[in-house]
Amino acid sequence: MNEAAFPLGEARRLHPLSLVLGLMKTGPRMVNFLPALVGIGVSGQWWLIVPALLLFIIVSMLFVWLAWARFTWRVDDDDIAIASGIFSRNDRTIPFDRIQDVSIEQGLIARVLGLATVGFETGSAESDKKDDGKLNGISFADAQALRTHIRRHRTGAPVPIGEAAAAPPVDIMLLVMTPKRLLIAGLFSFSLAVLGVLFGLFQTFDNFLPSYPFDFDFWRDMARGTWVESWVLLHRWIAALGSVVVLVVVGLAAGVIRTMVKEWGFVLERNARGFRRTRGLTTRTDVTIPIARVQAAILSTGLARRHFGWYDLRLQSLANDGKGEPDHMVAPLARIGEVDAILRELALDRAGYEGGDDRAHWHRSHPIGIALVPLILLLATGLSFAIISTFAPDYLWAVWLPAFSIPFMALLGWFDWRQRRWHFDGQLLHITKGVLRRRHIILPARNVQSADVSVGPIQRRLGLASLIFGVPGGKEGQHEVEDIPLGEAAALRKELLAAR
């Protein structure tokens, strides 16, 4: 690429092939046009359907072309200018010094066409990306050159964008997700929510399906003519077991497919600015996570993952990781040693919690949580007994439902209390919680923007409090140390604020 092909100060349009991407986006919009076509058909004017459809396509193509023709972008010495809009013009100038990072994204069709979408994170739209600048459809080579030019400018070594724009050298390769590891991660991504959705779909479309796995006749027809036919006819529980197996298999397959599509080719590298992550099968993304913007690290694992020694690591950052992903995933499935290597680059540590290390210096929350839910259930049982025995004595058996769940909830509360711990070493605050999915939050004191002491009515009676920390960015925006002595909460708050 030379300077004549990519000069500074000259307005440029998106790549002509980006028109293909624009036309493809008109497909979903046809759904909004379907009621009009149905109305034409109901009125009896069938001969108008084809002309109306052609008119819609022509008008859509015209608007796509006008949007492309009216969109220009220009790279100057210190900023990038973007002008867009067909009727109402929007001219925006983004100084390089305001750009926090430049991301490159390629959908499946864009990869075939050699195009990419370049996004500019300015820090002014952390919760709403519509205000950030984007170039939807420039060549992949131009996207890489533009990102390199902006990054070099921010490091104090700007070069003409038309000159050689090789990516900065990679310092450390931290994590590579092989297909085998992606398969394991997909199996661990099995969720009961998937089963609920599948069950709901089968129930909803029951009248449209000839048979489905929850129907006894389905298994009877499957077994007909085989040696298991008599077993199925005599034992209906076999059909129920088969339905469960189908759900589990489909749920596992859904988890594997979802993980493969999202994390395919996952590579995490450490470069001069932070972590560079590339991933995606249908949509390929290339994102850099600046270390300076990382606010906290969240290490998670489930019961099965923990048994096999697998963890995932997310970073809470000032910029989210796209729609539906506020935290940056940097390790979808990693061993504890790989997690430690990533944390070392952030000057963070686990304080000896995972991996069977010493936890003697950790503090526990008060065990009030063990008795709180069972106490509520006990009160609900007594209230239900009083109401049902008075107004509906024939249904008195229903009182035993909450009563039988009291021991189970007490046991669950005990396991939950065992995981509610915290530790502060003067610089890093560690918080752990969760039973089925354990989370370990590693929060540097310098990133705490606020610390609030919260005292509930039950906590007040016991002299307890919760300490809530406001942290910018991320899914939650705050973290909490629950049910600790009030004096201890006040002391921890003072120590945290002093260490910032």
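None of these values were measured; they are calculated from a predicted model.

Colleague: Can you walk me through the environment of Q478 in this structure?
Modeller: Turning to its location among the elements, Q478 is positioned in strand β20 (residues 478-485). Residues Q478 and V448, spaced 30 residues apart in sequence, show a C-alpha to C-alpha distance of 9.0 Å. In this view, Q478 contacts I468, F469, G470 and V471; residues no more than four positions away in its chain are not counted.

Colleague: For this particular structure, what's the right way to read the sheet that holds strand β3 (residues 90-95)?
Modeller: Strand pairs in the sheet, formed through backbone hydrogen bonds, run parallel or antiparallel to each other. The sheet built from three strands is open, its strands ordered β1-β2-β3 with antiparallel pairing. The outermost strands of the open sheet, each flanked by one partner alone, are β1 (72-75) and β3. The average angle at which neighbouring strand axes cross in this sheet is 10°, direction not considered. The pairing of strand β2 (residues 79-84) with β3 spans six bridges and is classified as antiparallel. Residue pairing across strands places I82 opposite R92, the latter belonging to β3.

Colleague: Looking at this model, I keep getting lost on the pairing of β1. Mind explaining?
Modeller: Each regular strand shows side chains that alternate between the opposite faces of the sheet. Only one face of β1 is covered, namely the face carrying W73 and V75; the face carrying T72 and R74 is uncovered. Alignment of β1 against β2, held across four bridges, turns out to be antiparallel. Note on β2: the bridge partner recorded for T72 is A83. Between β1 and β2, which pair antiparallel one after the other, the connecting turn spans three residues.

Colleague: Explanation requested: helix α11 (residues 336-345) in the structure shown.
Modeller: An α-helical segment advances 3.6 residues per turn. Residues three or four places apart therefore align on the same side. Here α11 has its buried residues at V339, D340, A341, I342 and L343. Positive phi shows up at A347, right after α11, with a value of about 60°.

Colleague: Which parts of the structure should I look at to understand the nonpolar core?
Modeller: Inside soluble globular proteins, nonpolar side chains tend to come together where they are buried. Core analysis: the largest hydrophobic core is formed by 30 residues, its most contacted members being L268, F275, L313 and I342. The set of elements that each furnish at least two residues to this core consists of β7 (172-176), α5 (179-188), α9 (237-263), β10 (284-290), β11 (294-302), β12 (311-317), β13 (328-334) and α11. Considering each element in turn, this core owes the most residues, four residues, to β13. Residue contacts for I342: discarding those within four places in its chain leaves L174, L268, F275, L313, V330 and A331. Within the second largest apolar cluster, 21 residues are counted, among which are W68, F71, W73 and A116.

Thresholds, definitions, all that
Residues numbered from 1 in each chain as written. Predicted model: local features only at pLDDT ≥ 70, side-chain atom pairs only at ≥ 80, totals over all residues. Heavy atoms only, no water. Helix = DSSP H or I, 4+ residues; strand = E, 2+ residues; numbered from the N terminus. Contact = heavy atoms within 4.5 Å. Pairing = 2+ DSSP bridges. Axes fitted to C-alpha atoms, helices over the stretch in contact; angles between N-to-C directions. Buried < 20%, exposed > 50% of the residue type's maximum accessible area, 1.4 Å probe, protein only. Core = buried A, V, L, I, M, F, W, Y, C linked by side-chain atoms within 4.5 Å.

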